[in-house]
Each structure stands twice: as structure tokens, then as C-alpha cells.
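Each chain, written out:
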Amino acid sequence: MEVSKVEIRFGCGRQAIRLLSSFMMDIRATLRARLDAAVGSAQVLTAPGDIAPYLTDWRGRFHGNAQAVVRPGTTHEVADVVRACADARVPIVAQGGNTGQCGGATPQPGSEAVVISLARMNRIRAVDAANATMTVEAGATLVAVQDAAAAAGLLFPLSLAAEGSCTIGGNLSTNAGGTGVLRFGNARELTLGIEVVLADGRVWDGLRGLRKDNTGYDLKQLFIGAEGTLGIVTAAVLKLFPAPVTRATAFAALADVPAAIDLLRAMKQALGDRLVGFELISGPSLALTRRQFPSLPDPLPGHPWYALVQADDSAANSPLAAALEQALAAALERGTVDDATVAQSGEQADSLWALRENIAEAQRLDGPNIKHDISLPVSAIPRFLDEAETALTVALPGLRFVTFGHLGDGNLHYNLAAPAGVAPETFLAHTPVANRIVHDLVAAHGGSISAEHGIGQQKKDELTRYKSAVELDLMRAIKAALDPAALLNPGKVL
Ligand SMILES: Cc1cc2nc3c(=O)[nH]c(=O)nc-3n(C[C@H](O)[C@H](O)[C@H](O)COP(=O)(O)OP(=O)(O)OC[C@H]3O[C@@H](n4cnc5c(N)ncnc54)[C@H](O)[C@@H]3O)c2cc1C
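Presented here is a report on the structure given in the accompanying data block. Throughout, residues of each chain are indexed from 1 in the direction in which the sequence is written. In keeping with the predicted nature of the model, local features appear solely for residues at pLDDT of at least 70, side-chain atom pairs appear and are counted solely at 80 or more, and the whole-chain, interface and lining totals rest on all residues. No hydrogens and no water enter the side-chain calculation; it runs on all heavy atoms of the structure.

Here we look at the packing of aromatic side chains
Two aromatic rings from Phe, Tyr or Trp, using only the six-membered ring of Trp, form a pair when their centres are within 6.5 Å; if the ring planes differ by under 30 degrees the pair is stacked, by over 60 it is edge-to-face, and anything between is tilted. This model, assessed by the stated rule, comprises 5 aromatic pairs. Ring centres of F184 and F241 lie 4.8 Å apart, and the angle between their planes is 65 degrees; this geometry places the pair in the edge-to-face category. Separated by 57 residues along the polypeptide, F184 in helix α7 (residues 181-184) and F241 in strand β11 (residues 241-242) bring together distant segments of the chain. Arranged with centres 5.4 Å apart and planes meeting at 65 degrees, the rings of F384 and Y414 form a pair that is edge-to-face. Residue F384 is found in helix α14 (residues 381-395), and its partner Y414 is found in strand β18 (residues 411-417); the two are separated by 30 residues along the sequence. For the pair shown, F384 and Y414 are each scored as buried. Strands are runs of DSSP state E lasting at least two residues, helices are runs of H or I lasting at least four, and both sets are numbered from the N terminus onward. Throughout, exposure labels follow a simple rule: accessible area from a 1.4 Å probe, protein chains only, divided by the maximum for the residue type, with under 20% read as buried, over 50% as exposed, and the rest as partly exposed.

Now the structure itself:
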């Protein structure tokens, strides 16, 4: 706005350009002075080498620009930074561990944005064991939060492969899922309270540790999953659970996906709430992972599908392994399962989980691939897989399917790798064709095109294709109400 006013007032000649650029330099200098005053100049990074890691995502697929990266240490400092940016009409991009999958934390190319890194706001403010809650700052890594809960003899159950680097602020802002959703829910279900810096710099302190609170709209839910487009999350009150004392882990070989769904039902029946995770792994996904990580075990070679089953119990001396073995034996007898093994030690359980947790990294080492993070009603998954495989094989002959995911949540990582002999980069040119086939089928089966990774900049156009006009209107109205100047993470989600 300011720029166009200046252009009109001074015309378009060389003098106008000089005046415009000195005007822009003034704005930058004023903003820089306010940022320095807010957080101290040592926490305002502007040198290209210093800010480069914040300007690209972890997979190197998205690249952007920013005039500065600011690292506040308190909520008050975040508020000062936001106010300074709002006054200067400068976009703001919140960043946690930068492990997001959809480019949400990367500023746009050519942007003059200020990136706010929450990394220094990493304190555990309080653990309330009697209330089974903890209050943590947004920049605390997920693993630090898990460790603090464990130190109090409790469990924070959110768990995902990036937990050493991702932060609670990022987890809430993407409504992260992971491997315990079947039992404990997404980040949304694990959050009781939240503290947010709003687009105008005001702080909303909603840090309530209540399990019942029907006092109007549940505002925290607006900010969870908003990917930094509605406010900057600075702290949260999280739910804690009794720590598991007994654990049992099994690996089962299956003929097809309907058999995996039968096994899931049987495990729910046999284990109830003690069933924590149920992961589906295709034979090709396992083979790829073992090719990249040959030291990993190959417990049941040569089957088309596998399920990794995790059961936990907080009661000491629980006959959990026996219950799991019994359920597996019954499934073997029924013919649902072709073969199965139960881990005999914590190390064996860890190595079974390593097979699952290294698939994404194995794919990265294998080369670029076309990824889909989708969810479907569990009952619709077999038909979806059949129809998608038929359509994709016709459109892109020879492609390799790398299918795995959180079957218990109906969430598949439905990834497509280049046919043998085709350069992965060449194969990536087919992404739009593959996305259309996969996402149209997902929509036809009542599913979601983003189960747990969010929208970011990657799926923005897909969102407008698959959300109804009414839903998009509602989302835009919320955005306009909370961020009228559209400065919070522009170009993301909407
Ligand atoms: C190996 C690997 C495995 C993964 N597995 C899973 C998985 O199983 N399940 C899953 O859900 N995700 C998974 N992810 C994705 C990713 O780890 C999660 O999305 C995570 O929650 C992002 O946290 P982060 O701190 O890295 O956020 P970032 O990547 O820094 O940011 C993500 C988004 O949140 C916004 N944001 C960050 N912090 C704040 C804040 N304080 N306030 C407001 N907005 C903010 C950013 O602007 C951006 O839009 C995985 C990623 C990797 C690399």
C-alpha cells in the first residue's frame, strides 16, 4: 500500500525510484531498530549465511526469502516482534523445527517476510502430576516434552519420527498425528489450553488445564492446525497419561489389506484401549527400507503386506504379551494372518519399529517420489487401493508403489516411486497426473487429501478443488477476522 502511494506521488522517473528505494530502506531500518529493541540485536539474523537454513524446508523442495530471522525468548518478545511487523506491514512466518512436509514454514520466494523462530522458547513451564497436565513453550522439542513427562512418571503420547527436531508449536500448528493416534488422538485431542500472540500483537492467554469448559466457542481449536496463518502459538497445556509399564510388539504377515483390516478389528476387540498402534507396511516398502538399511531385520520374508502392532498397559504385571499372542494365534487359525512374531525384548521391539520408522528416510535416499498423505474410512481402503492401482498403472506404467501408514487411523502414506531406469526427477513431472487420480479417488471415497501433514504451500490448490464453497467461505471469514491485513504466513493454506 505504502509503495503504490509513493509511486503516485513522485511519478515514475529515476528520482522517483531513488526516493522509493530510500523510503523502503527507511522502513527496513525502522523495523530493524524495533526488532533489535524487542529481542536484542544478537537474536535478529540478517546475514545470508545465517538465515539460509530457515529459508528452505528439510527436503529442499521449497525455497523462499526473508529480510530477517528473529529468535524471541519470551511471549512478550514475540508480541513486540509481531507488533513491529504489523506496523510495517511486513509478513510473518512462524517456524519451529522446520520438519513440516508441505512447505508451511518456508517463506515465499521474493518475500520481505520476517521469520519468527520459536526455538529459544523451549521451557517446560510446569508439570502438574495430579492434574495430569504440563505447560510447555512452543519451541520445546517433542522429545524434550516426552522426556519431561517421563521424568514425572507420566506419558505424553504424541510420537513421530521427527520428534528429536519438531516442536510443540509446530505439532499443534499442523495438528500432528504419528503412531499413537489410534489410542490417544492427534495433537488437537492432546491439547487443553493454548497461549497465542494474535496478528495485532495482543496475547491471548488460554492456558487452561481443564477437561470440561463449555464457556462458549473453543477458540484454541482455531489455532491448532492453522499452520501459523491465524496466530503465533507461544505455549500450550498438554494432557498427560499414565506411563506404560508393560509393552508388547508384534509383526504379522498378511496376504492383503482386507486381512489387515480384519486383524485390526480382532486386535481392538482383544486389547481394547491397550491397542496403541496398528501400522500397515507393504512388502515393497519393507524391501526398499531393508535395501537402504541392510542392518535392519527381515522377520518374516516374502509376504505382500505386514502389520506392526503395538500394545501398552500402565498396569504392572499385566498379561499383555499373552493377550496379544492369543489374539494372533486365533487370527492365524482363522487364516487372517499368514505368519507372526512377537518381540521378546525391548531391543527386538525397537528394531521392528525401526523398519516402520525408516521407510520415509529410505524413500528419500531412493530418490524423489510423489507422496500422498491421505485418509479414508478404514472400510473404504481396499477399494481405494484397487482402483488407484489400476488407474495409476495405466497412466504411469511401471511406477513403484510404496504404501504404508497408520491403518488404525485410516491414514495411508500412498507414495509413488519412479519405474526402474527412469530418473526420479523426470518421474516427478507426472505429479499433477498422479495427484489428480489419487485425490479424485480419495474424494470419491469420502477421504481427505491431507491426513496429518497439513496444506502449507504444497496443497493449497488442491484444497480449493476439494473443499466445498461453503467450507472455503467459512475458512476465509475466520482468516479475515483474525488476520485482517493477511500478514500471518501469507500464501499458505488459503
Ligand atoms: C521424518 C519425519 C517424519 C514425520 N512424521 C510425521 C508423522 O508421523 N505425523 C505427522 O503428523 N507429521 C509428521 N512429520 C511432519 C512434521 O514433523 C510435523 O508436521 C511437525 O508437527 C512439524 O513441527 P515443526 O516444529 O518442525 O514445525 P515447522 O515445520 O517449523 O512448521 C510447520 C507449520 O507450523 C507453523 N508453525 C510452527 N511453529 C509455530 C508456532 N509456534 N505458532 C504458529 N505456527 C507455527 C509453521 O509456520 C508451518 O506452517 C514428519 C516429518 C519428518 C521429517
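So, a negative patch on the surface
Patches were defined on residues exceeding 30% relative accessible area and lacking a salt bridge, with like-charge contacts within 9 Å and nonpolar side-chain contacts (Val, Leu, Ile, Met, Phe, Trp, Tyr) within 5 Å. Only the protein chains shown count as cover for residues, and the accessible areas themselves come from Shrake-Rupley with a 1.4 Å probe. Take a side-chain nitrogen of Lys or Arg and a carboxyl oxygen of Asp or Glu: if they are within 4 Å of each other, that pair is a salt bridge. Charged residues are defined here as Lys and Arg on the positive side and Asp and Glu on the negative side; His and the ends of the chain fall outside this count. For the purpose of locating charges, the reference atoms are NZ of Lys, CZ of Arg, CG of Asp and CD of Glu. Together, D256, D262, D338 and D339 give the surface a local cluster of negative charge. In this structure, D338 sits in the loop between α11 (320-334) and β15 (339-342). Exposure remark for D338: the relative accessible area of 38% places this residue in the partly exposed category.

Some thoughts on helix α4 (residues 75-87)
Spanning 13 residues, α4 covers 18 Å between terminal C-alpha atoms, matching the ideal 18 Å at 1.5 Å per step. Those residues of α4 not exposed but buried are T75, E77, V78, A79, V81, V82, A84, C85 and A86. Downstream of α4 by a residue or two, R89 has a phi angle that is positive, lying close to 55 degrees. The span expected for a helix works out to 1.5 Å for each residue beyond the first.

Section: the environment of S345
Along the polypeptide, S345 turns up in the loop between β15 and α12 (346-357). Along the backbone, S345 and R247 are 98 residues apart, and their C-alpha atoms lie at a distance of 9.6 Å.

A short note on the pairing of strand β9 (residues 203-206)
A strand pair is defined by DSSP finding two or more bridges across the two strands. Note: strand β8 (residues 191-197) against β9, 4 bridges, orientation antiparallel. Among the inter-strand pairings, E195 is bridged to a residue of β9, identified as D205. Hairpin connection, β8 to β9: the antiparallel pair is bridged by 5 residues, and G201 has positive phi, about 95 degrees.

Quick look at the sheet that holds strand β4 (residues 114-117)
The strand order β1-β2-β4-β3 describes an open sheet built from 4 strands, whose pairing is mixed. Edge strands, defined here as strands with exactly one partner in the open sheet, are β1 (44-45) and β3 (92-95). Examined bridge by bridge, β1 and strand β2 (residues 68-70) share 2 bridges and lie antiparallel to one another. Bridge pairing links V44 to V70 in β2. Packed onto the sheet, α4 meets β2, β3 and β4 and runs at close to 170 degrees relative to β4. Only heavy atoms enter the contact rule, under which two residues are in contact if any of them lie within 4.5 Å. Lines are fitted to the C-alpha atoms to define the axes, a helix being fitted only along its stretch in contact, and any angle between axes, read from their N-to-C directions, falls within 0 to 180 degrees.

With respect to the site of the ligand
Looking at the ligand, there are 35 residues lining it, with A94, G96, T99, G100 and T167 nearest. Distance and chemistry together define a polar contact, namely a pair of N or O atoms within 3.5 Å, with one atom able to donate a hydrogen and the other to accept it when in protein, and with adjacent residues in sequence counting only for side-chain atoms on both sides. Residue G104 places a main-chain N or O atom 3.2 Å away from an oxygen atom belonging to the ligand. G178 places a main-chain nitrogen or oxygen 3.4 Å from a nitrogen atom of the ligand. Taking 970 Å² as the accessible area of the ligand by itself, protein coverage stands at 94%. Those elements giving two or more residues to the shell around the ligand turn out to be β3, α6 (168-173) and β10 (232-239). It suffices for a single heavy atom of a residue to lie within 4 Å of a molecule or strand for the residue to be listed as near it.

What about the packing of helix α9 (residues 257-271) against α11?
Closest axis-to-axis distance for the α9/α11 pair is 10 Å, and the angle between their directions is 145 degrees. Of the two possible hands of crossing, α9 and α11 adopt the one that is right-handed. Taking contact as the criterion, the partners of L263, A266, M267, A270 and L271 in α9 are, on α11, L320, A323, L324, A327, L328, A331 and R334. Helix crossings fall into two classes, left-handed where the near helix is turned counterclockwise from the far one by less than a right angle and right-handed where it is turned clockwise.

With respect to unusual backbone geometry
If you check the backbone angles, N98 has positive phi at about 60 degrees while not being a glycine. Assignment of secondary structure puts N98 in the loop between β3 and β4.

Things to note about the nonpolar core
Residue types Ala, Val, Leu, Ile, Met, Phe, Trp, Tyr and Cys, when buried and joined through side-chain atoms within 4.5 Å, form a set referred to as a nonpolar core. Formed by 49 residues in total, the largest nonpolar core has its most connected members in L263, M267, F384, L392, Y414 and L416. At the level of elements, β12 (246-254), α9, β13 (275-282), β14 (305-313), α11, α14, β18 and α16 (431-444) are the ones that each hand at least two residues to this core. For this core, the element with the highest residue contribution is α9, accounting for 8 residues. Sequence-distant contacts of M267, that is, excluding residues within four places in its chain, are made with G272, L275, F278, V309, L324, A327 and L328. Counting 33 residues, the second-largest nonpolar core is a separate cluster that includes F156, A187, L198 and V276.

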